[in-house]
Amino acid sequence: MNDTQPEPRYDVIAIGNALVDVLAHSSDQVIEDLGLTRGGMTLIDTPRAEELYAHMGPTAQISGGSAANTLAGMAALGARCAFIGQVADDHLGEVFAHDIRAADIAFATPVRAGDPPTGRCLIFVTSDAQRTMNTFLGASQFLPAEALDLDAIAASAVLYLEGYLWDPEEPRAAMRKAIDTAKAAGRKVAFTMSDAFVIDRHGDDFRDLIAQGKIDILFANATELAALTGIGDFDEGLASLVDHVQVIVVTRGEHGAVAISRGERAEVPAEPIARVIDTTGAGDLFAAGFLFGHVRGRPVAECLRLGAVCASEVISHFGARPEVDLAELVAERVG
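Under an unreviewed UniProt entry, the name given to the protein is Sugar/nucleoside kinase (Ribokinase family), and the source organism is Novosphingobium chloroacetimidivorans. Entered under Sequence similarities (unreviewed entry) in the UniProt record, the comment concerning the protein runs "Belongs to the carbohydrate kinase PfkB family."

This is the structure in structure tokens:
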């Protein structure tokens, strides 16, 4: 932020899928019988959503969506956050709006009347804590550019974009407009790759944004990094991006995470945890911790540690939102 910029109203404003997660324990046999992509995320239509739901056991319903989960973590740490995402005028839309506002996150996107209904993600969690996600985007894929709060975007220190939402045409156009608004205001743009399948479909778009200098902070896992760069070697893949992105953050599961910030490289091991229950939201909460440290001006190594601590909390229980006081947890472990 330069000296002429006004103080930001929000630390982070995010655009993402407004979804409600529907989670259930599952066996590997059910995953196989249903022909699911184990451990991945698959977009599904209404008939498939109904079929999969019929095969789920007892469920837990928790507001989700990747970027919304990240904001929930950041808000719990004390950041000022706002969310832009599309819900329908229905029960799940009310649930999502209530939950995100209850987390002290500003949310003012107008509801969408009629079909399709509010989106939901059907998540099958196996005994090894692996989650297999099947996402019915519903109303979230119809977020129009007109629904953007451009003043709020220009008044936020960081615009955070969810790669999953790049797939549908209407929100993709909205996110392009948001990027231009943020950059014109001198703000930073952060982008999470979300999944390798998104890169398979839209990698040229992402590489073009990176080449144009429109992404300042990039989040990916090791698989997504390889898909984006086309380079199998991890370090070579990282090196190919350092001249184009100010901050690169790559998670490596149980092997920790690596970040390069303006040429400075830092690494952190995975945070020790007694038992992994559900990996849903691990990357989202890692981004929450890292971004919180970043907007507070913390050193890159400390940002990574904050991310690791937040991720360890969310994988210790069912669901993708924190269940303990994150601010207290990071104060204990990071200081």
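Let's pick the thread back up.
Caption draft 1: The arrangement of the nonpolar core in detail. Within the largest apolar cluster, 51 residues are counted, with the highest numbers of intra-cluster contacts made by Phe-83, Phe-96, Tyr-160, Phe-219, Phe-290 and Leu-304. Considering each element in turn, this core owes the most residues, 9 residues, to helix α11 (residues 300-314). Listed in part, the 50 residues of the second largest apolar core include Leu-159, Met-193, Ala-220 and Val-258.

Caption draft 2: Region of the structure containing the sheet that holds strand β3 (residues 41-43). Read from one edge of the open sheet, 5 strands run β3-β8-β7-β2-β4, paired in mixed fashion. In the strand order of this sheet, the two ends are held by β3 and β4 (60-64), each with one partner. Between one strand and the next, the sheet's axes are offset by a mean angle of 25°, whatever the strand orientation. The sheet contact formed by β3 and strand β8 (residues 131-138) spans 3 bridges and is parallel. Residue pairing for β8: Leu-43 is matched across the bridge by Thr-135. On the sheet, helix α4 (residues 91-102) packs against β2 (19-25), β4 and β7 (118-125) and is oriented at approximately 60° with respect to β4.

Caption draft 3: Representation of the environment of Pro-6 in the model. The residue Pro-6 is located in the segment before β1 (10-15) in this model. On the basis of relative accessible area, Pro-6 is assigned to the exposed category, the value being 56%. When the C-alpha atoms of Pro-6 and Ala-154 are compared, they prove to be 9.9 Å apart, with 148 residues separating the residues in sequence.

Caption draft 4: Examining unusual backbone geometry more closely. With omega at 0°, the peptide bond leading from Asp-115 into Pro-116 counts as cis. Backbone geometry places Asp-104, a non-glycine residue, at a positive phi of 65°. With respect to the secondary-structure elements, Asp-104 resides in the loop between α4 and β6 (105-107). The backbone of Ala-129 shows a phi angle near 75°, a positive value even though the residue is not glycine.

Caption draft 5: Here's a closer look at the packing of aromatic side chains. This model, assessed by the stated rule, comprises 9 aromatic pairs. Ring plane angle 50° and centroid distance 5.7 Å describe the contact between Phe-83 and Phe-96, whose orientation is recorded as tilted. Here Phe-96 lies in helix α4 and Phe-83 lies in strand β5 (residues 81-84), a separation of 13 residues in the sequence. Judged by its relative accessible area of 2%, Phe-83 falls in the buried class. Put simply, the rings of Phe-83, Phe-96 and Phe-107 touch in pairs and so form one group of aromatic residues. Cation over ring: Arg-252 sits above Phe-234, and NZ or CZ is 3.7 Å from the ring centre.

What counts as what
- Residues numbered from 1 in each chain as written.
- Predicted model: local features only at pLDDT ≥ 70, side-chain atom pairs only at ≥ 80, totals over all residues.
- Heavy atoms only, no water.
- UniProt positions renumbered as here; feature names shortened; annotations may be inferred.
- Core = buried A, V, L, I, M, F, W, Y, C linked by side-chain atoms within 4.5 Å.
- Buried < 20%, exposed > 50% of the residue type's maximum accessible area, 1.4 Å probe, protein only.
- Helix = DSSP H or I, 4+ residues; strand = E, 2+ residues; numbered from the N terminus.
- Pairing = 2+ DSSP bridges.
- Axes fitted to C-alpha atoms, helices over the stretch in contact; angles between N-to-C directions.
- Contact = heavy atoms within 4.5 Å.
- Phe/Tyr/Trp six-rings, centres within 6.5 Å; stacked < 30°, edge-to-face > 60°.
- Lys NZ or Arg CZ within 6 Å of the ring centre and 35° of its normal.

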